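# Overview (structure and organization)
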Amino acid sequence: MNFKITTIPGDGIGPEIVAEARKVLERVGEVYGHEFAFEEVLMGGCSIDAYGEPLTDETIEKCKAADAVLMGSIGGKVGQSSWYELPPEKRPEAGLLKLRKSLGLFCNLRPAKLYPELKKACPLKEDIAEQGFDVMMVRELTGGLYFGYRKTETVDGEEVATDTLTYRESEIRRIAKKAFEIAEKRNRKVTSVDKANVLDSSRLWRKIFAEEAKAYENVTLENALVDSTAMQLIRNPGQFDVVATENMFGDILSDEMAEIAGSLGMLPSASLREDSFGLYEPSGGSAPDIAGQNIANPLATILSAAMLLRYSFNLGKEADAIENAVSEVLAQGFRTGDIMDKEEKGLTLLHTDEMGDKIAELIK
Ligand code: NAD
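Let me begin by describing the structure that accompanies this report. (Residues numbered from 1 in each chain as written. Predicted model: local features only at pLDDT ≥ 70, side-chain atom pairs only at ≥ 80, totals over all residues. Heavy atoms only, no water.)

### What about unusual backbone geometry?
- Phi at Asp-156 is positive, roughly 50°, even though this residue is not glycine.
- Positive phi outside glycine occurs at Ala-287, with the angle close to 40°.
- Inspection of the secondary structure assignment puts Ala-287 in the loop between β12 (278–282) and α10 (299–312). (Helix = DSSP H or I, 4+ residues; strand = E, 2+ residues; numbered from the N terminus.)

Here it is, written out as structure tokens:
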């Protein structure tokens, strides 16, 4: 099949890690008989340098015209880069926020998987890490507290700040559908996380999830409170498959999940629209401290490319091939610097491009 992918390498290590993900996708195309047409665009600091703004209308149009977008990361070192002397709306990060909004991306996916070879990087107790985990966070991205009405006023001589948490039925329904569809491609369990013992918005959330669950008989729906989930993620993360939640709870829990997974360089992410379109990027930033040295870990971006194949192109077998290649490379003892354990014997340190080559070689 033929697919169009717009790539946004971005700043810092972005171009290095996107080049490796593209190499792997090209190999997938060769092995499985697909044609991926790539178009590269600028966003972030490099776009400020070229056009005076972090995101141009042309870049937005080129993203919209694609079947999916693969991104590296954007931004520089705050305090050192002249990009941060600009007003906030002209800085690199403003480009990313505007792009997500322009593309209507409301569903954020962040998987946290513990690879057996990287268990030592997991901060959980050894007996818990030993059991492993593979959790997918599905977070609502465009509603709730962060987008609600807010104000700060003076009442009776003191300052009073108000934020409002609003969810419409339709906003909950579309994220519930995504969560169940994703669970169908995984272990068929959704844990919907809320605070229904206190919040009205959570009670509506729970009701709509229960209604939507009826259309997915092969998926089990569980409800959990957010405080209890924060605890259970530390105690027994292996119990979870898909965790679905609203914007702020998801913001907090997805960082907790990233932490227990141990290695930032291994964490992919996706932001999806209602149809199959999505933007895929590693969870980490542009790592200006190691940019241009060919030492960044490209695996999170390569795993983001696997998510792109699975969720935007419905190419599950091809996505499995990439994910299996990553597991195999780790099992063979190949590492980039960030996931290297100096005390472990038999490991081989690879550069960014060598890691990309290894994964591409293993695509079968
Ligand atoms: P960062 O994630 O870039 O770096 C944190 C640490 O992790 C650094 O030591 C870095 O070297 C390391 N690291 C990150 N990714 C790595 C990889 N793939 N391989 C090896 N090591 C890796 O976070 P930061 O330093 O706080 O931010 C740097 C810039 O990135 C800032 O401008 C920030 O705004 C931006 N940022 C962008 C995104 C995005 O584009 N979505 C996300 C987060 C941060």
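### Section: helix α3 (residues 57–64)
- Among all positions of α3, only Thr-59, Ile-60 and Cys-63 are buried. Within α3, the buried residues cover an arc of 100° as seen down the axis, which keeps them to one side. Exposed and oriented more than 90 degrees from the buried face of α3 are Asp-57 and Glu-58.
- Buried residues belonging to α3 abut β1 (2–10), β3 (68–73) and α4 (92–102). (Buried < 20%, exposed > 50% of the residue type's maximum accessible area, 1.4 Å probe, protein only. Arc of directions from axis to C-beta. Contact = heavy atoms within 4.5 Å.)

### Focus on the environment of Thr-164
- Among the structural elements, Thr-164 can be located in the loop between β7 (158–163) and α6 (169–184).
- What makes Thr-164 partly exposed here is its relative accessible area of 23%.
- The spatial distance from the C-alpha of Thr-164 to the C-alpha of Asp-67 is 35 Å, given a sequence separation of 97 residues.
- The residues contacting Thr-164, other than those within four sequence positions of it, are Gly-144, Leu-145, Gly-148 and Tyr-149.

### A closer look at the side chain of Ser-201
- Relative to the helices and strands, Ser-201 resides in helix α7 (residues 200–213).
- Ser-201 has contacts with Leu-165 and Ile-172, leaving out every residue within four places of it along the chain.

### A look at the pattern of salt bridges
- The final tally for this structure, using the stated rule, is 28 salt bridges.
- A salt bridge links Lys-23 to Asp-357; the nearest nitrogen and oxygen atoms lie 2.7 Å apart. Within this pair, whereas Lys-23 is found in helix α1 (residues 14–32), its partner Asp-357 is found in helix α12 (residues 352–361), the two being separated by 334 residues in sequence.
- A salt bridge links Glu-169 to Arg-173; the nearest nitrogen and oxygen atoms lie 2.7 Å apart. Of the two residues, Glu-169 and Arg-173 are both situated in helix α6; the distance of four residues between them amounts to about one turn of the helix.
- Ionic contacts of the salt-bridge type, sharing partners, join the residues Glu-169, Arg-173, Lys-177, Glu-211 and Glu-212 into one network. (Salt bridge = Lys/Arg side-chain N within 4 Å of Asp/Glu carboxyl O.)

### Thoughts on the site of the ligand
- The immediate surroundings of the ligand are formed by 21 residues, with Gly-76, Glu-93, Gly-285, Ala-287 and Asn-297 found nearest.
- One of the side-chain N or O atoms of Tyr-84 is found 3.1 Å from an oxygen atom in the ligand.
- A distance of 2.8 Å separates an oxygen atom of the ligand from a polar atom in the backbone of Ala-287.
- Mapped onto the shell around the ligand, the elements with two or more residues apiece are β3 and α4.
- Across the shell around the ligand, the residue classes break down as 10 nonpolar, seven polar and four charged. (Near = heavy atom within 4 Å. Polar contact = N/O pair within 3.5 Å; in protein donor to acceptor, adjacent residues only side chain to side chain. Nonpolar A, V, L, I, M, F, W, Y, C, P; charged D, E, K, R; others polar.)

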